[in-house]
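# Architecture and fold: a report
Each chain, written out:
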Amino acid sequence: MTEMMKAAVYHTLEDIRIETRPIPEIGADEILLKTLACGLCGGETMAWYKKAEPKVLGHEPIGEVVKVGADVTDYKVGDRLFINHHVGRVDSHLSRRGHFTRDPFYSSMKLDPGGVCEYYRVTAQHLRMDAHKLPESISTEAAVTIEPWSCVMSGLKVCNIQPGDTVAVVGAGFMGQGFVHLAPLFGAGKVIALDFSNWRLEKAREFGATHTINPRNEDAVEALRAANNGRLADTVIVIAPFPQAWAQAEDLVEVGGTLHLGAPLAPGTDWVRDGAKSYFDQITVTSRYSSDHTDTYSYIRLLEAGRIKADEAISHRFDIDDSAEAFEMLRKAEKSLKIVVYPHGIPEEKKNA
């Protein structure tokens, strides 16, 4: 192993560079992983969202242990691991109340230097809190979905879905597909996907949507009632980070239902609601930022059990040298779902997949 490595570095939305950086040094209670693959997240295209520039792109890596600190006993060279990029702690007010991801400690813990690079360092706290050896039954590409779709898992836990409920998902990108696909595991009956893209709606059918609606072509409220015995949805999940989408989502919730905010609006964006309607309709509004160790544990167990078609969510693969092209595809958000970057080259068996 040389002392230097390649990394895809975010400078601006239009400026992703391949740079040479030192391979991180590890301490006695840390490990070094070789990056096998890393997914790209739509959140990275939000210029305002937690950007410290320049920044190594990616936070959804799967790695193989190549170096182990002297005090590490639970992991060995050759182990294939998922390790969450942020990890919480137990001893804080927010953590003790179940809000691990809102404790400032959570976002302060990061993989060093990121995901789209050839090697990354994992701290002792990461190893204590949210590290998982992957069984052979879980492919590396399926494992790339652990971080993002664990966030879906986190959201679904607070959506108040009762057995047989109708769930509507506004926005059928990769994260929306996750909500469509996993909602039945929480008891959903009808699952209705809404998106302006017919390509994404077709994919939603493949991931389990029982009905699809394109609001560009039809009245979404009328179409939902037509598909649901005259009723609106018991739970509506909005992934599209736009005020118009949030307004559309609120119009789709049945009295006594739940509106789940699955992605943030930009800071300073107003969300105006009718006060009387908000009171009398008794709609519960929920949100969940990111995923904690309980979510990843749940997701990995479902993945290992074969309940999740994670491999089918991978739409495109890129070498690290083509990271700028991969990021541009992510930004355009057209006919793509999960985009994966391979820092050591796309495996031969995946090149024509």
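Before any of the text, the structure's been laid out above.
My aim in this report is to walk through the structure given alongside it, one point at a time. (Residues numbered from 1 in each chain as written. Predicted model: local features only at pLDDT ≥ 70, side-chain atom pairs only at ≥ 80, totals over all residues. Heavy atoms only, no water.)

Evaluated as defined, the whole model comprises six aromatic pairs. Between Trp149 and Phe174, the ring centres sit 4.9 Å apart and the planes meet at 10°, which makes this aromatic pair stacked. Of this pair, Trp149 sits in helix 5 (residues 146–156) while Phe174 is found in helix 6 (residues 174–182), placing the two residues 25 residues apart along the sequence. Aromatic pair Tyr279 and Phe280: ring centres 4.9 Å apart, planes at 90°, arrangement edge-to-face. The exposed category is assigned to Tyr279, whose relative accessible area is 61%. These aromatic residues form a ring-pair network of at least three members: Trp149, Phe174 and Phe207. One Lys or Arg, Arg216, reaches over the ring of Phe196 and ends 4.4 Å from the middle of that ring. Lys309 extends its terminal NZ or CZ atom over the ring of Phe207, reaching a point 5.7 Å from the ring centre. (Phe/Tyr/Trp six-rings, centres within 6.5 Å; stacked < 30°, edge-to-face > 60°. Helix = DSSP H or I, 4+ residues; strand = E, 2+ residues; numbered from the N terminus. Buried < 20%, exposed > 50% of the residue type's maximum accessible area, 1.4 Å probe, protein only. Lys NZ or Arg CZ within 6 Å of the ring centre and 35° of its normal.)

Contact geometry of helix 5 with helix 11 (residues 293–304) gives a least axis separation of 8 Å together with a crossing angle of 110°. Between helix 5 and helix 11, the interaxial angle falls into the category roughly perpendicular. Judged by residue contacts, Ile146, Trp149, Ser150, Met153 and Ser154 of helix 5 engage Asp295, Thr296, Ser298, Tyr299, Ile300, Leu302 and Leu303 from helix 11. By residue class, the composition of the contact of helix 5 with helix 11 is seven nonpolar, four polar and one charged. (Axes fitted to C-alpha atoms, helices over the stretch in contact; angles between N-to-C directions. Parallel < 35°, antiparallel > 145°, perpendicular 65-115°, else oblique. Contact = heavy atoms within 4.5 Å. Nonpolar A, V, L, I, M, F, W, Y, C, P; charged D, E, K, R; others polar.)

Looking now at the sheet that holds strand 2 (residues 15–22). Sheet architecture is open: three strands sit in the order 2-1-4, paired in antiparallel fashion. With one partner strand each, in any of the chains shown, strand 2 and strand 4 (55–56) form the two edges of the open sheet. Relative to strand 4, strand 1 (residues 4–12) is paired through two bridges, and the arrangement is antiparallel. Of the residues in strand 4, the one forming a bridge with Val9 is Val56. Against the sheet, helix 12 (residues 323–332) touches strand 1 and strand 2, its axis set at about 140° to strand 2. (Pairing = 2+ DSSP bridges.)

Turning our eyes to something else, we now look at the sheet that holds strand 13 (residues 253–261). Ordered by their spatial adjacency, six strands build an open sheet running 11-10-9-12-13-14, and the pairing between neighbours is parallel. Across the chains shown, the open sheet's two edge strands, defined by having one partner strand only, are strand 11 (211–213) and strand 14 (284–287). Neighbour to neighbour, the strand axes of the sheet diverge by 20° on average, direction disregarded. Strand direction decides the pairing type here: strand 9 (residues 167–170) and strand 10 (residues 191–194), joined by four bridges, are parallel. Its bridge partner being in strand 10, Val169 is matched across the sheet by Ala193.

Let us look at the nonpolar core. Counting residues in each nonpolar core, the largest one holds 42 residues, and the members touching the most others are Ile146, Trp149, Leu156, Leu182, Ile237, Tyr299 and Leu303. Among the elements of the structure, helix 4 (140–144), helix 5, strand 9, helix 6, strand 10, helix 7 (198–206), helix 11 and strand 16 (338–342) are those that each provide at least two residues to this core. Sorting elements by how many residues they give to this core places helix 5 first, with five residues. Tyr299 has contacts with Thr145, Ile146, Trp149, Ser150, Met153, Leu182, Ile308 and Ala310, leaving out every residue within four places of it along the chain. (Core = buried A, V, L, I, M, F, W, Y, C linked by side-chain atoms within 4.5 Å.)

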